[in-house]
Amino acid sequence: MFPEYDVIVVGAGHAGCEAAAAAANLGSKTLLVTMNMQTIAQMSCNPAMGGIAKGQIVREIDAMGGYSGIVSDLSTIQFRMLNRSKGPAMWSPRTQNDRMLFHLKWREMLEKTPNLDFYQDMVKGMLITDGRCMGVVTGLGHEIKAKSVVLTNGTFLNGIVHIGEKNFGGGRMAEKAATGITEQLVSLGFESDRLKTGTPPRIDGRSLDYSKMEEQPGDEEVVGFSFLDIEKPKAQRSCWITYTNQAVHDVLKTGFDRSPMFAGRIDGVGPRYCPSIEDKINRFAERDRHQLFVEPEGWNTVEIYVNGFSTSLPEETQYEALRNIVGFEKVKMFRPGYAIEYDFFPPTQLKYTLETNLIQNLFFAGQINGTTGYEEAACQGLMAGINAHQKAKDLAPVVLKRSDAYIGVLIDDLVGKGTQEPYRMFTSRAEFRTLLRQDNADLRLTELSYRLGLASQERMDKVINKRNSVEEIKTILKEFAVEPEEINSYFTTINSSPITEKQKVQKILLRPDVELSELANSLPKLRDALSGFTTDSLEQASIQIKYATYIEKEKELVKKMSQLEELEIPETFDYKKIASLGNEAREKLAKIKPKTLGQASRISGINPSDVQILMVFMGR
């Protein structure tokens, strides 16, 4: 019934979809196995993509030839570029999405992908022979052979849903949990643990009074995620902002004695940066209100997502608390919020390719590795899919460095440090964030992906054109000189000091309050000289000029750090023979098996003296 596949991907969430697309587009005969074909790429929690640091990840996925950026753009109902008031390293794109359209566009793109088959069934275990994964076993008893297997099980591994004192098995509301995989992996020597996440109630938008809330419209210019020319929405839907209050908090507290979190029925650790509403009012008792975002679920639905009100309290407590929120006085609830607890495998058990240390040809991606968020899952899926293909075809592994991408930071953090709580990406985690901006993800990553055979010729051509355009623009700005009488009236409008002699535009751009677009509009000759270039190229050239000093400093830092990255540690290196290493260092190095001294230096518990000892033993 089934041929032998190059790659089997288990699970069709954000990680699974990217993994399947990447492997298939690289030329591997790929099978995507999911428990429900109707929930491919389901937005299990909020109907949004991107945000702080996450938006950079989506753009990196797109630059590599993944699908998340395209699908997000095709299903956008609102776009905002966050942190515009800060420097470009902090700018982060975010879309509000049509939940149903997002799923449909993902499925449509996957169905159009050559080399990709689908099968609906639960995978209950892997075929393991002599420490190698040879395929999967399904709930219906099918044994399907493959050269590589990628597990992207999300919250389904022995998942338990909690609402107040009620709990039942499930990977999401109304969907059954997956069993068998954890038990098999533990029997093979893997460590597993439990994490928890949660989701807020969904409500009827027709029952809200928006006149009492603050409107949050989208940006006038919809930039989007994809570097390809994807059609942008002509209109946008607004989100709305309201707040909890003391009355809401008092009602919520009446349910604390029946809270699964406070009663100890949940063992898993929840996400620190996305706590439940009961956790917020417990931990931040001094605050008399918390911000809530009222987010529409799509173009043609009245369903509303209450961002900031994640909860697992009893339904009646949730309902009464909601009615006390300003604008929610007549609220109708479609379904209550809930918490979900699930198995994950500490990611220190992985190689930097996301292949497991214990079993060859077996890869993990997404929440199985302890992450939270669609974007974090999707980028792991992309890299696991690429490396599963590379392994199946006996090709060299692909690993992104911390200086290459936020994706590299995320995987390096997971494998080197592990996580005791759901891992979320932030700009502060990236030490080279001036280099890893959302605007240059294509310049950083597309060429690498193109050489692999994943990014298309169209993408590569766009990068070459952008690179050439940026250099042309920089040359124009370097040579274009402005007289004081031409520019001083513009300086007056932005409260900037006038000039007294002729000056090059490149120097003028270094002023923090000067924007290239505004400058060009005030200088007709400059506007004409730049008229043939895209907004993207103009913005890129402006950023490179304004931040040249910072960019060069960061490049120097990367160069220094790369010296450690280039010192490779042999896979057979025996840490036990180095008596001068502490017990913790020996244990962690032997377990994680870093490929380089750079990776070894970032492992939690490894200090600079341990790195120096390793350098001595490696003959350095």
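Please read these numbers as outputs of a predicted model, since none were measured by experiment. (Residues numbered from 1 in each chain as written. Predicted model: local features only at pLDDT ≥ 70, side-chain atom pairs only at ≥ 80, totals over all residues. Heavy atoms only, no water.)

(A) Inspection of the nonpolar core at higher detail. If you look at the biggest cluster of nonpolar residues, it comprises 110 residues, and the most contacted ones within it are Ile8, Leu151 and Met383. At nine residues, the largest contribution of residues to this core is made by helix 9 (residues 374-392). Aside from chain neighbours lying at most four places away, what touches isoleucine 8 is Leu31, Val33, Val136, Ile144, Lys145, Ala146, Ser148, Val149 and Val150. By size, the runner-up hydrophobic cluster in this structure holds 24 residues, among which are Leu477, Phe480, Val482 and Leu530. (Core = buried A, V, L, I, M, F, W, Y, C linked by side-chain atoms within 4.5 Å. Buried < 20%, exposed > 50% of the residue type's maximum accessible area, 1.4 Å probe, protein only. Helix = DSSP H or I, 4+ residues; strand = E, 2+ residues; numbered from the N terminus. Contact = heavy atoms within 4.5 Å.)

(B) Just the packing of aromatic side chains, in detail. By the definition in use, this model includes nine aromatic pairs. With a centroid separation of 4.9 Å and an interplanar angle of 80°, the aromatic rings of phenylalanine 2 and tyrosine 119 are classed as edge-to-face. Of this pair, phenylalanine 2 sits in the segment before strand 1 (5-10) while tyrosine 119 sits in strand 6 (residues 116-120), placing them 117 residues apart in sequence. A residue is classified by how much of its surface remains accessible, and phenylalanine 2, at 22% relative accessible area, is partly exposed. The exposure class assigned to tyrosine 119 is buried, which follows from its relative accessible area of 15%. The interplanar angle of 50° and the centroid separation of 5.6 Å between the aromatic rings of phenylalanine 345 and phenylalanine 364 together place this pair among those described as tilted. With phenylalanine 345 in the loop between strand 19 (338-344) and strand 20 (362-364) and phenylalanine 364 in strand 20, this residue pair connects regions lying 19 residues apart in the sequence. Taking the relative accessible area as the measure of exposure, phenylalanine 364 reaches 1% and is therefore buried. Its guanidinium or amino end placed over the ring of phenylalanine 491, arginine 511 lies 4.1 Å from that ring's centre, counting from NZ or CZ. Here the basic side chain of lysine 577 rests over the ring of phenylalanine 573, its NZ or CZ set 5.5 Å away from the ring centre. (Phe/Tyr/Trp six-rings, centres within 6.5 Å; stacked < 30°, edge-to-face > 60°. Lys NZ or Arg CZ within 6 Å of the ring centre and 35° of its normal.)

(C) Local environment of the sheet that holds strand 4 (residues 76-82). Pairing is antiparallel in the open sheet, where three strands are placed in the order 3-5-4. The strands lining the two open edges of the sheet, one partner per strand, are strand 3 (48-50) and strand 4. The sheet shows a mean angle of 15° between the axes of neighbouring strands, taken without regard to direction. Where strand 4 and strand 5 (residues 92-97) come together, six bridges link them in antiparallel fashion. In the strand pairing of strand 5, glutamine 78 is matched with glutamine 96. (Pairing = 2+ DSSP bridges. Axes fitted to C-alpha atoms, helices over the stretch in contact; angles between N-to-C directions.)

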